[in-house]
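Inside the fold
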Amino acid sequence: MASTLTYPSIAEPGVAQSPAAMGIDASNPSDGASPYDTSSMSQQPSPRQQPHRHHLGAPAQSQQQQQHQHQHQQQPQRSVKRPRPVKSCTECRKRKLRCDRLCPCSQCQRSCRPCRYAPDQESANLSDGSDAEGAEPGRPAKRNFSHSALPAMSGSACNDGAVTARPAKPGHSTSLPLLEELSIRMERLEKQVLVRSPSRADLGGGRIVAAAPETIRGLTVKRGASRTRYFGQNDPRVLLNLFDDAKAYMSHNFQREPFPSFQTLHEHLRGEFTKALTPITVFVDSMMPIQKRMTDILPKKAICDRLVAAYVDTAETQYRILHLPTFAEQYDHYWEGKPQPEQFLPQMLAVLSVASRFDTTSRGLGHERVEGVHIPTACALVRIWLDCLKGKQLVELSTLQVEVLLLLAQRMVMPRAQDSWNHLGFVVRMAMSMGLHRDPSEFEPRMTVFQGEIRRRLWFTVLDMDLHMSLAANMPCLTRDGDYSCRPPRNLDDSELFPEMTELPPSRALDQTTDNQMQVYTVMTLPTRMKVAHMINRVDTIRDYQEVLDVGGKLDRFIEDISCIFPRHGALSDAQKSRLWRNRVILDMHVRRPLLALYRPFAMAAPEAPPQISRAYLRSCMVILKYLDELDPKLPHFQDISEMYVQMLKRDIIQASLSVCYFIRPAVRPPADSTMLAQQGLRSSPGPAYEFPAYIPDDLMLWSPSRLISTVQKTIDLLVGHIRDSDVKDILCIAVVLETVRKADARSDEITNGLFGLLDACLRASNVTMDKLRNPSLGNADEFQHDSYAHGTVPYMQHGYSVGGLADPATGLGGWIMWDGWD
């Protein structure tokens, strides 16, 4: 009978095989040793003497026992040790590295990976003994199968109608059949999973643990479904579905004054902003060479010097795009009249555009060159230059740098996050087509050490921007952890990198200030933040809160590390304190934004969520709304900082304000109308020792409703002081939600009376009157040009009430009349 197995030690059950059929020389018994045991096969009976191992007779068993005793007498006795607890972290055990048993250990810190220790009750935390230790008596031998051997053995077993086991080693128990062994291993795996995961009874019986779909996503459908738009969980139209009273008030008062006046103000601001975003046609449509047109819109050297310095101070922090010494050298040569690479002018124009948004009076939207550049015109010229590139120019590193700089400049004025998300998808694919996702060491010596480090910085900048814009647009990330092999950049100053270098200096400690310190920290947190982006897009499939809590716990620890990286020093000047505050806010938001996105589907409208989720969510919302409380409002540059704060974090501020309103409601309503989830969140607020970004979890006291209300009210005043574009809709939404939750029995007429105070404040901040809005031929009204209102220092509440937003209950989520009608 011909056997299809290739293992010479496996015989068909009940069939005797000759030594020749098994490839064994009868004159030399040692040639028939199994490949699995080459030390003792000479002592076993040949297949001719016994048809099967389990059919041995008594004489044969006595002879075999005597041989075993003789063999054990010849071998030295080895001590048998019990399994002992392992104190190394799981990563060091997996990689067989020496662990110093700290948390985190030095090996995990050096590799920028999470350090985790297995709990004591886990069986995986017990070692199996060293190689010098013998096996315990009665313990079955471990069997290691390769992935290629398992299918072959399984298939042959099915063909033969029985399962054949391999010959066991002397002194060991006989091997189990393959199917039985796999069943045992599966049961062992299920036990480990059940130990590490909470019971399903505690998690709602395996049901979906997230909130209702209408509270975490929305879709507008127009023109017979030929035009649709998706909105994620952080959009105000989706958040409004959590407040039925606010939606009912809006739907019943949409046609009444002063809602039409707010719509008129919205259309006016929208029209003015659209005009400001229109490029200057004399430069964009000119037939002059593109380099000449880019030179013509540049301001004078003194202004460029100031803007370049502002860009380096504010933008080249967590996003590293340029090598600063190289760019500074090209910048000096340009003003000296020396020829420069073709890509220098587009790079400098994009740099000036980013700085003009925060360091000019016109915020980069003025047509005059006396203080900066016109951002829309500069971006249009850079885009024209990029579209003219062909062939090998499209895969140059400098071209990718221009693309990233242009994306950063357009983000300063682009109203919709989805537009930046679409553009960023092209940039990520461009970087991967250039091989930036692979580590540069794979291509040495063709790639220099200097170019390799610059490529690492640029690659992780692209990854971080992709993650940030994906969370802002409520869309999935293009890449995930594991899709790339590029190692993190080192914590070094730009002056330590130069083209002629042959070896990189050792990376400095994370708490040492360098030009790349902030990016090194963000790269360390990137894998966990990328995991969040993947989880929130599959939130409907999550059945276990433990996964959410594990990732959220890592993000909380990252936030606590920020105070160690950027400690507060009392001897710093006001400018240094402001810069340190800005760096802390940037790093904190890079981690807190994913944390809010992760907890948002469970913290609100999910009654079975663990209380620590709602506590952490409310605490993070209050941290965002209180960022400016650390700075002195009397500082000369406080207005510029607040403008940057509102510009960069406007969507986060709106989300945090509406979320805090959700937790205000159960504090002022009767117990029958309150939700246990929000009450758990209110019990999480820190006491007077609260300090951003660190907090003391053990020192928690009740956050009073009045404190929450005043925080949201102060945020509305700040948004009114910096009103522009489509902010009218968001301000109205927050205001009406606040008014419906601040009292247990809010009256409609009281809310309407407060509406006129809000409208007056918005008009003063916009420096217009209703007469001008209804009749554009009229000039500006001088009586509304008050600095106090223009800077948002006077609250809009004249009667103590506000209003906003419109909803259509018939259309459900995404059918908000005010947004659909005003867009």
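Here the structure is a predicted model, which is why all the values come from computation and not from measurement.

Cut-off values and rules
- Residues numbered from 1 in each chain as written.
- Predicted model: local features only at pLDDT ≥ 70, side-chain atom pairs only at ≥ 80, totals over all residues.
- Heavy atoms only, no water.
- Helix = DSSP H or I, 4+ residues; strand = E, 2+ residues; numbered from the N terminus.
- Buried < 20%, exposed > 50% of the residue type's maximum accessible area, 1.4 Å probe, protein only.
- Contact = heavy atoms within 4.5 Å.
- Areas by Shrake-Rupley, 256 points an atom, 1.4 Å probe, with all protein chains shown as cover.
- UniProt positions renumbered as here; feature names shortened; annotations may be inferred.
- Disulfide = S-S within 2.5 Å.
- Salt bridge = Lys/Arg side-chain N within 4 Å of Asp/Glu carboxyl O.
- Pairing = 2+ DSSP bridges.
- Phe/Tyr/Trp six-rings, centres within 6.5 Å; stacked < 30°, edge-to-face > 60°.
- Axes fitted to C-alpha atoms, helices over the stretch in contact; angles between N-to-C directions.
- Nonpolar A, V, L, I, M, F, W, Y, C, P; charged D, E, K, R; others polar.
- Polar contact = N/O pair within 3.5 Å; in protein donor to acceptor, adjacent residues only side chain to side chain.
- Expected span 1.5 Å × (residues − 1).
- Core = buried A, V, L, I, M, F, W, Y, C linked by side-chain atoms within 4.5 Å.
- pLDDT = per-residue confidence, 0-100.
- Parallel < 35°, antiparallel > 145°, perpendicular 65-115°, else oblique.
- Left-handed = near helix turned anticlockwise from the far one by under 90°.
- Patch = residues over 30% accessible without salt bridge, like charges linked within 9 Å, V, L, I, M, F, W, Y side chains within 5 Å.
- Bend = angle between axes of the 7 residues up to and from the residue.

**Thoughts on the overall build of the protein chain**
When helices and strands are counted, the protein chain shows 29 helices and two strands. Relative to its full complement of 823 residues, the protein chain shows a buried share of 50%. Sequence separation of at least 24 residues holds for 71% of the intrachain contacts in the protein chain that already meet a minimum separation of 6. Just so you have it, the protein chain exposes about 40,200 Å², and 53% of that area is on carbon and sulfur atoms.

**With respect to the UniProt feature "domain: Zn(2)-C6 fungal-type" (unreviewed entry) in the protein chain**
Cross-referencing UniProt, the feature "domain: Zn(2)-C6 fungal-type" (unreviewed entry) maps to residues 88-117 in the present numbering. Here residues 88-117 runs as 40% helix and 0% strand, with 7 Å between its end C-alpha atoms.

**Comments concerning the state of the cysteines**
On inspection of all chains with the given rule, the structure shows zero disulfides. Between cysteine 105, a free cysteine, and cysteine 108, which holds the nearest cysteine sulfur, the sulfur-to-sulfur gap is 3.4 Å. Judged by its relative accessible area of 1%, cysteine 105 is buried.

**As for the pattern of salt bridges**
Within this structure, the stated rule accounts for 35 salt bridges. Between arginine 320 and aspartate 494 there is a salt bridge whose closest N-O contact spans 2.7 Å. Linking arginine 320 in the loop between helix H11 (301-314) and helix H12 (324-335) with aspartate 494 in the loop between helix H17 (449-472) and helix H18 (517-536), this pair joins segments that are 174 residues apart in sequence. Judged on exposure class, the residue arginine 320 and its partner aspartate 494 are both buried. A salt bridge links aspartate 730 to arginine 651; the nearest nitrogen and oxygen atoms lie 3.1 Å apart. With aspartate 730 in helix H25 (residues 727-741) and arginine 651 in helix H22 (residues 638-668), the pair connects residues that are 79 residues apart, well separated along the chain. Look at aspartate 730 and you get buried, because its relative accessible area is 4%. Here the salt bridges do not stand alone but share partners, grouping Glu316, Arg320, Arg457 and Asp494 into one network.

**Section: the pairing of strand E1 (residues 218-222)**
In regular strands, side chains alternate between the two faces of the sheet. In this sheet, strand E2 (residues 227-231) lies alongside E1 in antiparallel orientation, the contact comprising five bridges. Looking across to E2, one finds that threonine 220 is bridged to arginine 229. Here E1 folds back onto E2, and the loop between the two strands holds four residues, one of which, arginine 223, carries a positive phi near 55 degrees.

**Focus: the packing of aromatic side chains**
Enumeration according to the criterion identifies eleven aromatic pairs in this entry. Pairing tryptophan 459 with tyrosine 484 gives two aromatic rings, centres 6.0 Å apart and planes at 65 degrees, and the pair type is edge-to-face. Taken together, the positions of tryptophan 459 in helix H17 and tyrosine 484 in the loop between H17 and H18 put the pair 25 residues apart, joining distant regions of the chain. Taken together, the ring pairs connect Phe327, Tyr331, Tyr334, Trp335 and Phe344 into an aromatic cluster.

**A closer look at unusual backbone geometry**
With an omega dihedral of 0 degrees, the bond running from cysteine 103 to proline 104 counts as a cis peptide bond. Turning to its location among the elements, proline 104 is positioned in the loop between helix H2 (90-95) and helix H3 (106-111). Each neighbour pair has its own omega, and for glutamate 444 with proline 445 the value is 5 degrees, a cis peptide bond. Even without being a glycine, arginine 101 presents a positive backbone phi close to 65 degrees. Within the fold, arginine 101 resides in the loop between H2 and H3. Residue classification places arginine 101 among the exposed positions, given a relative accessible area of 52%. The phi torsion at arginine 363 lies on the positive side, around 55 degrees, for a residue other than glycine. With respect to the secondary-structure elements, arginine 363 resides in the loop between helix H13 (344-359) and helix H14 (375-387).

**Re the packing of helix H8 (residues 259-276) against H25**
Angle between the axes and distance between the axes are the two parameters that describe a pair of packed helices. Relative to each other, H8 and H25 sit at 145 degrees, their axes nearing to 8 Å. Only Val728, Lys729 and Leu732 of H25 make contact with H8, whose side of the interface consists of Phe262, Leu265, His266 and Leu269. Classifying every residue of the contact of H8 with H25 by side-chain character gives five nonpolar, one polar and one charged.

**Some remarks on the side chain of glutamine 655**
If you trace the backbone, glutamine 655 turns up in helix H22. A relative accessible area of 4% means that glutamine 655 is categorised as buried. Separated by 3.1 Å, the side chains of glutamine 655 and asparagine 234 make a polar contact. Ignoring sequence-local partners within four residues, the contact set of glutamine 655 consists of Asn234, Leu239, Leu596 and Tyr617.

**Remarks on the environment of glycine 721**
Its place among the elements puts glycine 721 in helix H24 (residues 705-721). Here the alpha-carbon distance between glycine 721 and glutamate 643, two residues 78 residues apart in the chain, equals 9.5 Å.

**What to know about H13**
Between its first and last C-alpha atoms H13 spans 22 Å; for 16 residues at 1.5 Å apiece the expected length is 22 Å, and the two agree. Counting buried positions over the 16 residues of H13 gives 15, a clear majority of the element.

**A look at the nonpolar core**
Formed by 186 residues in total, the largest nonpolar core has its most connected members in Tyr311, Met348, Leu400, Phe602, Tyr627 and Val660. In terms of nonpolar packing, the next biggest core, distinct from the first, is built from six residues, Cys89, Cys105, Cys108 and Cys115 among them.

**Observations regarding the confidence of the model for the protein chain**
This prediction gives the protein chain a mean pLDDT of 75; 69% of its residues lie at or above 70. Averaged over each element, pLDDT in the protein chain is lowest for helix H28 (residues 787-790) (34) and highest for H12 (96). Scored below 50 in pLDDT, residues 1-61 shows 57 contacts in the model against residues more than four places distant or in partner chains. Below a pLDDT of 50 lies the segment residues 127-175, which in the model reaches 64 contacts outside its immediate sequence neighbourhood of four places, other chains included.

**Quick word on the environment of leucine 97**
With respect to the helices and strands, the residue leucine 97 is situated in the loop between H2 and H3. Measuring from C-alpha to C-alpha, the distance between leucine 97 and glutamine 107 comes to 7.8 Å, with ten residues separating the pair along the chain.

**Observations concerning the packing of H14 against helix H15 (residues 397-413)**
Contact geometry of H14 with H15 gives a least axis separation of 10 Å together with a crossing angle of 155 degrees. The pairing of H14 with H15 is recorded here as roughly antiparallel in orientation. Where H14 crosses over H15, the two elements pack in a sense that is left-handed. Of the residues in H15, those touching H14 at Ile375, Cys379, Val382, Arg383, Trp385 and Leu386 are Thr399, Val402, Glu403, Leu406, Ala409, Gln410 and Val413. Partitioning the contact of H14 with H15 into residue classes produces nine nonpolar, two polar and two charged.

**Observations regarding a nonpolar patch on the surface**
Residues Leu219, Val221 and Tyr230 make up a contiguous nonpolar surface patch of about 250 Å² in total accessible area. With respect to the element layout, valine 221 can be found in strand E1.

**A look at H18**
Side chains three or four residues apart in an α-helix point the same way, a direct result of the helix having 3.6 residues per turn. In this model H18 runs 29 Å from its N-terminal to its C-terminal C-alpha over 20 residues, within 8% of the 28 Å that 1.5 Å per residue would give. Its maximal kink placed at leucine 526, H18 deviates by approximately 50 degrees, while the proline proline 527 follows within four residues. Of all 20 residues in H18, 16 are buried; the element is thus mostly enclosed.

**Structural notes on the environment of threonine 513**
By the secondary structure assignment, threonine 513 is in the loop between H17 and H18. When the C-alpha atoms of threonine 513 and phenylalanine 566 are compared, they prove to be 8.9 Å apart, with 53 residues separating the residues in sequence.

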